[in-house]
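Next come the chains, spelled out residue by residue.
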Amino acid sequence: MISQMLLDARRYEEDRGGRIVAQDRPAFHLTARTGWMNDPNGFCYYQGKYHLFYQYYPYLSRWNSMHWGHAVSRDLLHWEYLPAAMAPDRYYDQDGVFSGSAQELPDGRLLLMYTGVRRENQLSGIPREVQTQCLAIGNGRDFEKYEANPVLTENALPANGSRFDFRDPKVFRRPDGLYCCVAANRVLHRGAETDGSNILLFTSQDCLHWKFEKILCTNDGRFGRMWECPDFFPLDGRQVLMVSPQDMLPQGLEYHSGNGTLCLIGDYDDQTFEFTPAHDQSIDYGIDFYAPQTVLTPDGRRIMIGWLQNWDACAIREPEAPWAGQMSLPRELSIRDGRLYQTPTREFDLLRRDRVEHRGVEVTRDRMYLEGVSGRMVDMEIRVRPKDPARSYTKFVARFAENGDTYTSLRFRPSESTLKIDRKFSGSRRAILHQRRCLVENGSEELRLRIILDRYSCEVFIDGGRKVMSSALYTDLSADRISFRADGDVVMDIVKYDVVM
Ligand code: FRU
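Just so you know, these numbers come straight off a predicted model, no measurement behind them. Numbering of residues begins from 1 in every chain and follows the order in which that chain's sequence is written. Note on the predicted model: pLDDT of at least 70 is required for a residue's local features to be given, and 80 or more for side-chain atom pairs to be given and counted; whole-chain, interface and lining totals, by contrast, use all residues. Water and hydrogen atoms play no part in the side-chain values, which are based on all heavy atoms of the structure.

A.B. asks: So what's going on with the environment of M66? Which residues, and what values?
C.D. replies: A run of H or I in DSSP becomes a helix once it reaches four residues, and a run of E becomes a strand once it reaches two; helices and strands are each numbered from the N terminus. With respect to the element layout, M66 can be found in the loop between β2 (49–57) and β3 (67–73). Counting along the chain gives 50 residues from M66 to G116, while the straight-line C-alpha distance between them is 9.8 Å.

And the structure:
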């Protein structure tokens, strides 16, 4: 039975979503059908299509009582909206259907596992949100909440687990058929909340009845406080744990403050459930990226999509906007030299048209514009090097989404080997985060960037995807110029395409 609350949401989104003209949205990044979007949820390949659900509040472009929005795609770039999948319409999830994941069942139905949130008055008089894990099962469009919900409650937690911060189940199936699920949980000490968090592992024979198996990983205080949105998967012979920590402190240029992303790469024994991390890194070094989730494609590629937004920078979007929040590009993951690499998918490459190429451009001190190089739906690869290999330069700057005093810039300084993204002049009227820097390891040699612009974002893949910087920008679309300048003698090669849907 579809609840009245879900029917209302479906009616509302169909009406309002239909009024948003396509040109007012990104072309190849998914946005909410109408209103607010945060985390990707339930990312899966099911019956010939990719399904992507998302944290959703249709009625306002602000976070509020969470629903699950829903869209499907054959290439992760052209999206078609389906009706909202879930509303907070049950006692145990009345204050939000929070993030979760999807798993196809042997009988062909699709199971969603999510966090149900319910506010409960405490003895102190202050209400707190209790979080449990719940299921909904359906045909890929309509889902029925499971009658025995919630399936994981505080009773399943280890002794030091908080029932107030227990969320974001990511389910997967082991090759031998055992269902596993990882979820984030705040650590208590003598009953009091701490800054620590655990990633818990649960197992199930049938995907319905779950039991606690092991603390898979503990945040030992190095990476922020509460971890959110875990994902856990094998990749190139290693095992990757991705989490999104809240309240991070920067460590040099490796992590930035606030809500960040992190991956731990290591080894995993899936019989003893022993995970041994060997390496850690940020997943994205830009301004806006959070809560990524991955899917395995039918041909075995591990593809990741994140929320292209930072919680601390949400005010960049005006509350009257018809939609707020967008997803990142789908990115293919791989491990090289022990690090996580990300590259745009080959499906994305098929959208490239009208190749423009300039080789050996001597970049001038005054801003220069190149024939055929402009636009807001663009894929461009640039290679930058000193003209004389023996003499470095001071800086190289590319500006895009530019129109007079409005622009976003990328600035590279070889002496520090840092690349900075700066959207201070992108048209934002808010005093929020507008810059990030990241270290480019091979900065002494050639700087290689692939910059992908959609109408309201840029994603910069550095050194073949060794690092990525992502940022939302809400610059007026009339700002579509791209320029370059340098202090010192710099030579640049550029290949640029328009992205055509
Ligand atoms: C992460 C998050 C999740 C939670 C959801 C609520 O961005 O805080 O932990 O499930 O958003 O919308």
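So that's the structure; there's more coming.
A.B. asks: Tell me about the site of the ligand, and name the residues and values.
C.D. replies: Taken together, 13 residues lie around the ligand, and D39, Q55, R167, D168 and E228 are the ones closest in. The backbone of S99 places a nitrogen or oxygen atom 3.1 Å from an oxygen atom of the ligand. Contact with the protein chains covers 95% of the free accessible surface of the ligand, which is 320 Å². For the shell around the ligand, the elements supplying multiple residues, two or more each, are β1 (35–46), β5 (97–104), β9 (161–173) and β13 (227–235). Of the residues assigned to the shell around the ligand, the class counts are six nonpolar, three polar and four charged. The nearness test applies per residue and asks whether one of its heavy atoms lies within 4 Å of the molecule or strand. Under this definition, polar contacts are N or O atom pairs within 3.5 Å; protein pairs additionally need one hydrogen-donor-capable and one acceptor-capable atom, and for neighbouring residues in sequence, both atoms have to be side-chain atoms. Only the protein chains shown count as cover for residues, and the accessible areas themselves come from Shrake-Rupley with a 1.4 Å probe. When residues are sorted by character, Ala, Val, Leu, Ile, Met, Phe, Trp, Tyr, Cys and Pro go into the nonpolar class, Asp, Glu, Lys and Arg into the charged class, and all the rest, Gly among them, into the polar class.

A.B. asks: So what's going on with the nonpolar core? Residues and values would help.
C.D. replies: Counting residues in each nonpolar core, the largest one holds 38 residues, and the members touching the most others are F396, F400, L419, L449, I451, F484 and M492. In this description, contact between two residues means that some pair of their heavy atoms is separated by no more than 4.5 Å. Discounting chain neighbours no more than four positions away, the residues touching L449 are M380, E381, I382, L410, L419, V460, F461 and I462. Core analysis: the next-biggest nonpolar cluster, separate from the first, contains 21 residues, C180, L201, Y255 and F273 among them. Nonpolar cores were defined as sets of buried Ala, Val, Leu, Ile, Met, Phe, Trp, Tyr and Cys residues, with membership established by side-chain atoms within 4.5 Å. Only protein chains enter the accessibility calculation, which uses a 1.4 Å probe; a residue whose area is less than 20% of its type maximum is buried, one above 50% is exposed, and one in between is partly exposed.

A.B. asks: So what's going on with the pattern of salt bridges? Which residues, and what values?
C.D. replies: Should a side-chain nitrogen of Lys or Arg be within 4 Å of a carboxyl oxygen of Asp or Glu, the pair is scored as a salt bridge. One pass over the full model with this rule turns up 52 salt bridges. A salt bridge links D195 to R225; its shortest N-O distance comes to 3.2 Å. Here D195 is found in strand β11 (residues 192–204), whereas its partner R225 is found in the loop between β12 (211–218) and β13, with 30 residues between them in sequence. By relative accessible area, which is 44% here, D195 ends up partly exposed. Using a relative accessible area of 37% as the deciding quantity, one classes R225 as partly exposed.

A.B. asks: I'd like a rundown of the side chain of R411, residues and numbers included.
C.D. replies: As for its position among the elements, R411 is in strand β25 (residues 406–413). Positive charge is attributed to Lys and Arg, negative charge to Asp and Glu, and no charge count is given to His or to the chain ends. Summary of buried charges: R411 has no salt-bridge partner, and the nearest side chain of opposite charge, E416, is 4.2 Å away. Beyond its immediate sequence surroundings of up to four residues, R411 is in contact with K395, F396, V397, E416, T418, L419, K420 and R437.

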